[in-house]
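A look at the structure
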Amino acid sequence: MQLSVEAISAIPARMNEAWNRSDATAFFADFADDAEFADFEGTIYRGREQMIATHQPIFDTVMKGSRLLRGEVPFARIIGPGCGVVHHRVGIAMPGEKEPPPSRYSMQLFVMNWQNDHWEVVALQNSRLISLEAVAALESADLGPAVGGTP
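Each value, and the rule that gives it
Residues numbered from 1 in each chain as written. Predicted model: local features only at pLDDT ≥ 70, side-chain atom pairs only at ≥ 80, totals over all residues. Heavy atoms only, no water. Pairing = 2+ DSSP bridges. Helix = DSSP H or I, 4+ residues; strand = E, 2+ residues; numbered from the N terminus. Axes fitted to C-alpha atoms, helices over the stretch in contact; angles between N-to-C directions. Contact = heavy atoms within 4.5 Å. Salt bridge = Lys/Arg side-chain N within 4 Å of Asp/Glu carboxyl O. Buried < 20%, exposed > 50% of the residue type's maximum accessible area, 1.4 Å probe, protein only. Core = buried A, V, L, I, M, F, W, Y, C linked by side-chain atoms within 4.5 Å. Expected span 1.5 Å × (residues − 1).

Let us now look at the sheet that holds strand E4 (residues 83-93). Strand order in the open sheet made by the six strands is E2-E1-E6-E5-E4-E3, with mixed pairing throughout. Edge strands, defined here as strands with exactly one partner in the open sheet, are strand E2 (44-46) and strand E3 (67-80). Strand-to-strand twist across the sheet, computed as the mean angle between neighbouring axes with direction ignored, equals 15°. Helix H1 (residues 5-20) rests against strand E1 (31-38), E3, E4, strand E5 (105-115) and strand E6 (118-128) of the sheet, and its axis sits at about 155° to E3. The strands touched by helix H3 (residues 48-60) within the sheet are E1 and E2, with E1 carrying the most contacts at an inclination of about 60°.

Put into structure tokens, the structure is as follows:
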């Protein structure tokens with residue numbers, strides 16, 4: 001690998017391919033041992049081993065046969081010596097779906113560090129993309145207080 005934007009931009013594509021094979025070990029292969037990952041629901045996973053241990057059962061059950069599609073890197077940049085960031089957009093299609101619905105697209109922010117002679121993901125924030133119209137509909141539904149929030 002190289003200290004290049006192309007090298008850090010390739011990591012999300014490898015992760016997408018691993019997801020589509022339901023392989024949690026390969027999905028997190030580019031992560032540092034002590035990486036942190038915040039999923040779109042706000043759960044924080046600490047350490048590659050915890051990420052693998054919690055995601056393989058998900059691949060084997062509720063997400064079995066799902067595919068990551070339409071992955072794109074709209075932004076990648078080396079921001080300092082051995083440090084890079086990548087924005088990645090991707091959708092999840094469930095079995096039988098040809099395309100992900102708009103509600104299943106995410107934007108991911110990767111923070112990467114050059115260590116051990118290769119790029120490693122040290123932090124990943126996965127955020128669900130949601131339109132302003134969907135936010136307005138949720139707010140008008142009066143679902144009660146948000147998790148961890150106050151009324």
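Let us keep going from here.
Here the idea is simple: oppositely charged side chains can pair when their charged atoms come close. Scanning the model with the defined rule gives six salt bridges in all. For the salt bridge of aspartate 30 with arginine 14, the shortest nitrogen-to-oxygen distance reads 3.1 Å. Of this pair, aspartate 30 sits in the loop between helix H2 (24-27) and E1 while arginine 14 sits in helix H1; the two residues are 16 residues apart in sequence, bridging distant segments of the chain. Overall, the relative accessible area of 30% leaves arginine 14 in the partly exposed class.

Core analysis: the biggest nonpolar cluster contains 27 residues, and Phe27, Phe31 and Met112 have the highest contact counts within it. At the level of secondary structure, the elements contributing two or more residues to this core comprise H1, H2, E1, H3, E4, E5 and E6. With six residues, the single largest contributor to this core is H1. When sequence neighbours within four positions are dropped, the list of residues in contact with methionine 112 reads Ile8, Ile11, Gly82, Cys83, Gly84, Val86, Trp119, Glu120, Val121 and Val122.

Even without being a glycine, arginine 70 presents a positive backbone phi close to 60°. Within the fold, arginine 70 resides in strand E3. By relative accessible area, which is 54% here, arginine 70 ends up exposed.

Below, the discussion takes up the environment of valine 90. Mapping valine 90 onto the fold places it in strand E4. In this structure, the C-alpha to C-alpha distance between valine 90 and leucine 69, residues 21 residues apart in sequence, is 6.0 Å. When sequence neighbours within four positions are dropped, the list of residues in contact with valine 90 reads Asn16, Leu68, Leu69, Arg70, Gly71, Arg104, Tyr105, Ser106 and Gln108.

The end-to-end C-alpha distance of H1, which contains 16 residues, comes to 24 Å, matching closely the 22 Å that a straight helix rising 1.5 Å per residue would cover. Residues Ala7, Ile8, Ile11, Pro12, Met15, Asn16, Ala18 and Trp19 constitute the buried set of H1. A positive phi of about 60° marks serine 22, the residue just after H1.

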